[in-house]
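# Descriptive structure summary
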Amino acid sequence: MLPFLNASLDYYIFSSSQEWQEEILSEMQRLIQLSRCEINELQISVQIQKIWEHITSNVVCCPKIQSTNSSSLARLQMMMQFIHLNYTERISLSDIAKAGNVSTSTALNLFRNVLNTSPVNYLICYRLKEAALLLSNTEKKVSAISIDTGFSNKDYFCRSFKQVYSLTPSEYRRAKK
């Protein structure tokens, strides 16, 4: 839990429009129901662990940056949420910056200072993470997955995937089965 306790974002906003976030919200509802019933510590513990498993599998954590104010972090989170909701579409740096109501240079600085990456690299990494989930959980063709996750070029998708996961998409799918 320490990476999350020391994360740069003080809170996360979960949306029911994202499947994994909807699962977290459902698990939280179940936790609330359990807490209202006769207390069963084991069930509550299991429920909390399910929530943490979803969070650790899907949320990018980063070290805390003391010099970043809460307004800037809120803008960064708005930009990240925009990416998460629109990663399948063609997104430019300008689109990402607009989502946080900041200039492109401010967006670049926020991502660099807090997440140690650029907005475009964050987008690519998020797309690759979603592609990895699709490879693990569906039988879709690699070319379809590349398109479904916002990559317009299958070869670029495959090169990027191999660079991050050290396996081609097909090798990754076989390894996950």
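Within each chain, residue numbers correspond to sequence positions counted from 1 in written order. Where totals are concerned, whole chains, interfaces and linings use all residues; where local detail is concerned, this predicted model gives features only for residues with pLDDT of at least 70, and gives and counts side-chain atom pairs only at 80 or more. Computation of side-chain values covers all heavy atoms of the structure but excludes hydrogens and water.

- The chain is annotated in an unreviewed UniProt entry as AraC family transcriptional regulator of Suilimivivens aceti.

## What to know about the confidence of the model for the chain
- pLDDT measures the predictor's confidence residue by residue and takes values from 0 up to 100. Here the chain averages 84 in pLDDT, and 86% of its residues register 70 or above.
- Taken together, the stretch residues 62-66 has pLDDT below 50 and engages in 16 contacts with residues farther than four places along the chain or on a different chain. Note on contacts: a residue pair qualifies if any of its non-hydrogen atoms lie within 4.5 Å across the two residues.

## Some words on the layout of surface pockets
- The space that makes up the largest pocket amounts to roughly 440 Å³.
- Volume-wise, the second largest pocket comes out at about 220 Å³.
- Site definitions follow a grid-based scheme: protein atoms alone, a 1 Å grid, a 1.4 Å probe that fits but cannot get out for cavities, and for pockets an open set with protein on both sides within 12 Å along at least five of seven lines, plus lining residues having an atom within 4 Å of a point. Considering the residues around the second largest pocket, the lining is formed by E89, R90, I91, V120, L123, I124, R127, G150, F151, S152, N153 and Y156.
- Per element, the largest residue contribution to the lining of the second largest pocket is four residues, and it comes from helix α7 (residues 119-137). Grid points are joined across faces, edges and corners, and a volume is the space filled by probe spheres set on the points. Think of it this way: any DSSP run of H or I at least four residues long counts as a helix, any run of E at least two long counts as a strand, and we number them from the N terminus.

## Side note on a negative patch on the surface
- The patch calculation keeps residues exceeding 30% relative accessible area without a salt bridge and links them within 9 Å when they carry like charges or within 5 Å when they are nonpolar (Val, Leu, Ile, Met, Phe, Trp, Tyr). Reported accessibility uses the Shrake-Rupley method at a 1.4 Å probe radius. Residues are deemed covered only where the shown protein chains occlude them. Criterion for a salt bridge: a side-chain nitrogen of Lys or Arg within 4 Å of a carboxyl oxygen of Asp or Glu. By the counting rule applied here, Lys and Arg register as positive and Asp and Glu as negative, while His and the ends of each chain are not counted. A charged residue contributes its charge at one atom only: NZ of Lys, CZ of Arg, CG of Asp or CD of Glu. Together, E19, E22, E23 and E53 make up a negatively charged patch on the protein surface.
- At three residues, the largest contribution of residues to the negative patch is made by helix α2 (residues 19-36).
- Assignment of secondary structure puts E53 in helix α3 (residues 41-58).

## A closer look at the environment of I145
- Within the element layout of this structure, I145 appears in helix α8 (residues 142-148).
- Sequence separation of I145 and L135 is ten residues, and the distance between their C-alpha atoms is 7.6 Å.
- Apart from residues lying up to four places away in sequence, I145 is in contact with A131, L134, L135, T138, K140, F157 and R173.

## Here's the deal with the packing of aromatic side chains
- In this scheme Phe, Tyr and Trp rings, the latter by its six-membered ring, pair at centre separations within 6.5 Å, and the angle between planes marks the pair as stacked below 30 degrees, edge-to-face above 60, and tilted otherwise. The tally for this structure, following the rule as stated, stands at eight aromatic pairs.
- Aromatic side chains F151 and Y156 sit 6.0 Å apart centroid to centroid with 50° between the ring planes, which places their arrangement in the tilted category.
- For F151, a relative accessible area of 4% gives the class buried.
- An aromatic cluster is defined as three or more aromatic residues linked by ring pairs; in this entry it consists of F151, Y156, F157, F161, Y165 and Y172.
- Each ring is checked for a lysine NZ or an arginine CZ that lies within 6 Å of its centre and within 35 degrees of its normal; such an atom marks a charge sitting over the ring. Of note, R127 hangs over the ring of F151, and the distance from its end group to the ring centre comes to 5.9 Å. Three labels apply to residues, based on accessible area from a 1.4 Å probe with only protein chains included: buried if under 20% of the type maximum, exposed if over 50%, partly exposed otherwise in between.

## Focus on the packing of α7 against helix α9 (residues 154-165)
- Their axes nearest at 10 Å, the elements α7 and α9 cross at an angle of 90°. Classified by the angle between their axes, α7 and α9 sit roughly perpendicular to one another. Judged by residue contacts, I124, L128, K129, A131, A132 and L135 of α7 engage Y156, F157, S160, F161, V164 and Y165 from α9.
- Taken together, the residues of the contact of α7 with α9 sort by class into ten nonpolar, one polar and one charged. Helix axes use the C-alpha atoms of the stretch in contact, all axes being lines fitted to C-alpha atoms, and the angles between their N-to-C directions lie in the range 0 to 180 degrees. Roughly parallel covers angles under 35 degrees, roughly antiparallel covers those over 145, roughly perpendicular covers 65 to 115, and oblique covers all other angles. Nonpolar residues are Ala, Val, Leu, Ile, Met, Phe, Trp, Tyr, Cys and Pro. Charged residues are Asp, Glu, Lys and Arg, and all others, Gly as well, are polar.

## Considerations on α9
- Given a rise of 1.5 Å per residue, twelve residues ought to cover 16 Å, and the 16 Å separating the end C-alpha atoms of α9 matches this to within 8%.
- Those residues of α9 hidden inside the fold are in contact with α7, α8 and α10 (169-176).
- Of the residues trailing α9, S166 is marked for its positive phi of about 60°. The length a helix should cover is 1.5 Å for every residue beyond the first.

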